[in-house]
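The chain contents come next:
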Amino acid sequence: MEIVKRTKKIQYIIVIILILGVCFFLSLSAGKFPLHVPDLFRGDETALSVFWTLRFPRSCMAVIAGFGLGVVGIVYQTIFQNPLAAPDIIGVSAGACGGAAFGILFCAGGTVGVTLCAFAGSVIAVISALGLSMVVRGKSHLSIVLSGLAVQSLAQTVLMMLKLMADPEKELAAIEYWIMGSLNAITAKDIMFPIGVTAICMMILICLYRQIFLLSLHEDEATLLGVSVGILRLVILLLATLVVAAIVSVTGVIGFVGLVAPHCARLLLKNLCVETLVLSGLIGSVLLLVADILARTVAKSELPVSVFTSLIGVPFLVWLMVRKEKN
Amino acid sequence: MKEYNTIQRERECFFEIHNITAGYGKKEMIHNINFSLNSHTLTCLIGANGSGKTTLLKSIANQLSHQGTCSIEGESLEQKSVKELARDVSYIPQKTGISISMSVLDVVLMGYNARLKLLENPSKKQIQQACEVLSKIGLEKEIDTDYLNLSEGQKQLVILARMMIENTKILLLDEPDSALDVPNRFRMMSNIRHMVDTEEKAGILCLHDPMLALEFCDQLVLLKAGKCIGILYPKKDSIGVMEKAFCQVYGNVSLMECFDKEGKRHFSMIGI
């Protein structure tokens, strides 16, 4: 019985990987410049340059960002024992926005400068949220949520102040566009950092899956099962949040992937297990890839990717819920 | 000299609870509780709601800051690391905190955590053992079921199975029978009794049903408003002494002896 279940789980994962492969291929070929496979093999320089500097990095980023957000989403929902918990809960995105706005206003370094500022902003936000929760010394994860809320609103205030200072024509527009989130203009240089961080943190998180599930229990119960709740929760949250910070600092805020992918994975696999983590990541990748393909093909100009993550994600989630009800 | 005596005395006992005082915030819930347990025995905490039973259990499990010490074979529980404590003490709270869909088997496998390394997974043998324990308590069909879809009674049995897997010296159970029907109640108690009888273990539990306590436990600690007002030994004490003690806790009650077909002594209690 155990083995049958296992095969079924693996089947789901294989199917999603196949879909991901197809989407990846589509993503490589979608865009203003028409890319054809024969051109690439013939060594057409423009085609190769478009492929390596634009399409390939962009598609890779979509896959890795989707995967990261999907896995992190499930980690957050488990640790906070709340199906609505998302990385935003401890102020990552708000911090990144504040950092990015700061970068746009005061850093001369172009996109790299903005990315660095956004990353710094989100890491500062998270560290202050977790630090604050340790000062409060509440017994439960609720103190983390409360400190997160405080930091989040503080970051939003900073963002507002920065917006007020910004030149409305150029800088304000740049800030707003950054906040909307997009995979536009991502080059190979940009993706090395988030891919590295995501890969390392993901590996550690997936290896720690048993501990993550144990953290979903009440604190007393987990402690008496031999879990050092405080330190472990801190480490896991820090790892998970680093992933989000690394991704968001490059892409801007991407909504909904971290919320919908875990739910889809859980509805498909029912009981939480390590496969759920992987599946959630893969679903996140597919969702983000498809959303990104649509974002650059639907209208003449690029649209924010978040528009499509929710436009695709919501009906899919509803369909899964209806299907679950019927069963 | 005094210290030496204390240590000496603790060595003689399997598990000793010494001067425990604890509470929430400034409010003191239990005051100066002392008792000791031998191995192979079950102790039941008896008392009305709010008399401090759960507070005492939580203090023993070191989940509540308290004064006084609990020591197992002379070693103080307060000084143990999280893992060491988890290897010595297992605890079933009134309500478990599992809020996410998980298979029953995975819940039971959590019991191995204290003996596994951080990144280690349960071995095949351990999984096999967990399945055996589940079939022992009659839940072999539910191995892959979502824990959250079980009935409350089944949930309590699964958590008991997890405790069996934890295999610790001290078992703490806070109303493990609250959602069970009569046959399952007896089944659970005989499982606990069996664990304690066959291995070097001792258990402390809270029960609301004094009959069950009299039937299965070796020692009853009576609590009233956070203080220990007496300790009863159902196998030795006379019925008069016990009735008097129960009256202090429950008000006017009458305790009666009855014998089954094999001549074994049981008790029955009614309120007056």
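All chains use their own residue numbering, which begins from 1 and follows the written sequence. Note on labels: chains are lettered from A, ligands numbered from 1, in written order. At least 70 in pLDDT is required for a residue's local features to be given in this predicted model, at least 80 for side-chain atom pairs to be given and counted, and no such filter applies to totals for whole chains, interfaces and linings, which use all residues. Only hydrogens and water are set aside; all other atoms, that is, all heavy atoms of the structure, feed into the side-chain values.

1. Comments concerning the sheet that holds strand 7 (residues 170-174) of chain B
Residue and element names in this part refer to chain B. Worth spelling out the cut-off: Between any two strands, pairing holds if DSSP finds at least two bridges. Each helix corresponds to a stretch of at least 4 residues labelled H or I by DSSP, and each strand to a stretch of at least 2 residues labelled E; elements are numbered beginning at the N terminus. Simply put, an axis is a line fit to the C-alpha atoms, just over the touching stretch for a helix, and the angle between two N-to-C directions goes from 0 to 180 degrees. In what follows, a contact means two residues having at least one pair of non-hydrogen atoms within 4.5 Å.
Strand order in the open sheet formed by 6 strands is 6-7-8-3-9-10, and the pairing between neighbours is mixed. Strand pairing shows two members of the sheet lacking a second neighbour, strand 6 (89-92) and strand 10 (227-232), which therefore form its edges. The mean inter-strand angle of the sheet, taken between neighbouring strand axes irrespective of direction, is 15 degrees. Of the pairings in the sheet, the one linking strand 7 to strand 8 (residues 202-206) comprises 5 bridges and is parallel in character. Within strand 8, the position partnered with Leu172 by the bridge is Ile204. Those strands touched by helix 6 (residues 152-166) are strand 6 and strand 7, and its axis lies near 180 degrees from that of strand 6.

2. Remarks on the layout of surface pockets
Spelled out, the test is: Using only the protein atoms, space was sampled on a 1 Å grid; points where a 1.4 Å probe fits but cannot get out form cavities, open sets with protein on both sides within 12 Å along at least five of seven lines form pockets, and lining residues are those with an atom within 4 Å of a point. Grid points are joined across faces, edges and corners, and a volume is the space filled by probe spheres set on the points. Lys, Arg, Asp and Glu make up the charged group, whereas Ala, Val, Leu, Ile, Met, Phe, Trp, Tyr, Cys and Pro make up the nonpolar group; the residues left over, Gly among them, are polar.
Each pocket or cavity is described by its volume, and for the largest pocket that value is around 1400 Å³. Taken together, 49 residues make up the lining of the largest pocket; nearest its centre are Asn271, Leu272 and Cys273 of chain A together with Ser103 and Asp106 of chain B. Mapped onto the lining of the largest pocket, the elements with two or more residues apiece are helix 1 (2-29), helix 9 (209-214), helix 12 (257-269) and helix 13 (274-297) of chain A together with helix 4 (104-109) and helix 5 (124-136) of chain B. With 7 residues, the top contributor of residues to the lining of the largest pocket is helix 1 of chain A. Among the residues forming the lining of the largest pocket, the class breakdown is 22 nonpolar, 12 polar and 15 charged.

3. A word on the side chain of Glu221 of chain A
This is how the line gets drawn: The buried label goes to any residue with under 20% of its type's maximum accessible area, the exposed label to any with over 50%, and the partly exposed label to all in between, with areas taken from a 1.4 Å probe on protein chains only.
Along the chain, Glu221 of chain A turns up in helix 10 (residues 219-223). Among the residues examined, Glu221 of chain A registers a relative accessible area of 2% and is labelled buried. Those residues within four positions of Glu221 of chain A in sequence are excluded, and the remaining contacts are Pro93, Thr96, Gly97 and Arg162 of chain B.

4. Concerning the packing of aromatic side chains
Geometry of an aromatic ring pair is reported as the spacing of the ring centres plus the angle between the planes. We count it as follows: Note on aromatic pairs: the rings of Phe, Tyr and Trp (six-membered ring only in Trp) are paired at centre separations within 6.5 Å, and the planes decide the class, stacked below 30 degrees, edge-to-face beyond 60, tilted for the rest. A positively charged side chain is recorded as over a ring if its NZ (Lys) or CZ (Arg) lies within 6 Å of the ring centre. The angle to the ring normal must also be within 35 degrees.
Applying the stated criterion across every chain, the model contains 10 aromatic pairs over all chains. Judged by centre distance (5.7 Å) and plane angle (75 degrees), the rings of Tyr209 of chain A and Phe213 of chain A are edge-to-face. Note that Tyr209 of chain A and Phe213 of chain A are positioned in helix 9 at a spacing of 4 residues, about one turn of the helix. The same class applies to Tyr209 of chain A and to Phe213 of chain A, which are both buried. In this arrangement the basic side chain of Lys236 of chain B is found over the ring face of Tyr233 of chain B, its NZ or CZ atom lying 5.0 Å from the centre.

5. Observations concerning the pairing of strand 3 (residues 41-46) of chain B
Successive residues of a regular strand alternate their side chains across the two faces of the sheet. Residues and elements named next belong to chain B. The buried fraction of strand 3 amounts to 6 of the 6 residues, a majority that puts the element mostly inside the structure. Here strand 3 shows a buried face lined by Thr41, Thr43 and Leu45 and a second buried face lined by Leu42, Cys44 and Ile46. Bridge count between strand 3 and strand 8: 5 bridges; the pairing is parallel. Opposite Cys44, over in strand 8, you have Leu205 as the bridge partner. As paired strands, strand 3 and strand 9 (residues 219-224) are joined by 4 bridges and run parallel to one another.

6. Structural notes on the packing of helix 3 (residues 45-79) of chain A against helix 11 (residues 229-251) of chain A
All names here are of chain A. Applicable threshold: By convention the crossing between two helices is left-handed if the near helix lies anticlockwise of the far one by an angle smaller than a right angle, and right-handed if it lies clockwise.
One way to put it is that helix 3 packs onto helix 11 with a least axis distance of 10 Å and a crossing angle of 150 degrees. Crossing angle aside, the handedness with which helix 3 passes helix 11 is left-handed. Judged by residue contacts, Met61, Ile64, Ala65, Gly68, Leu69, Val72, Val75, Tyr76 and Ile79 of helix 3 engage Arg233, Ile236, Leu237, Ala240, Thr241, Val243, Val244, Ile247, Val250 and Thr251 from helix 11. Residues that form the contact of helix 3 with helix 11 fall into these classes: 15 nonpolar, 3 polar and 1 charged.

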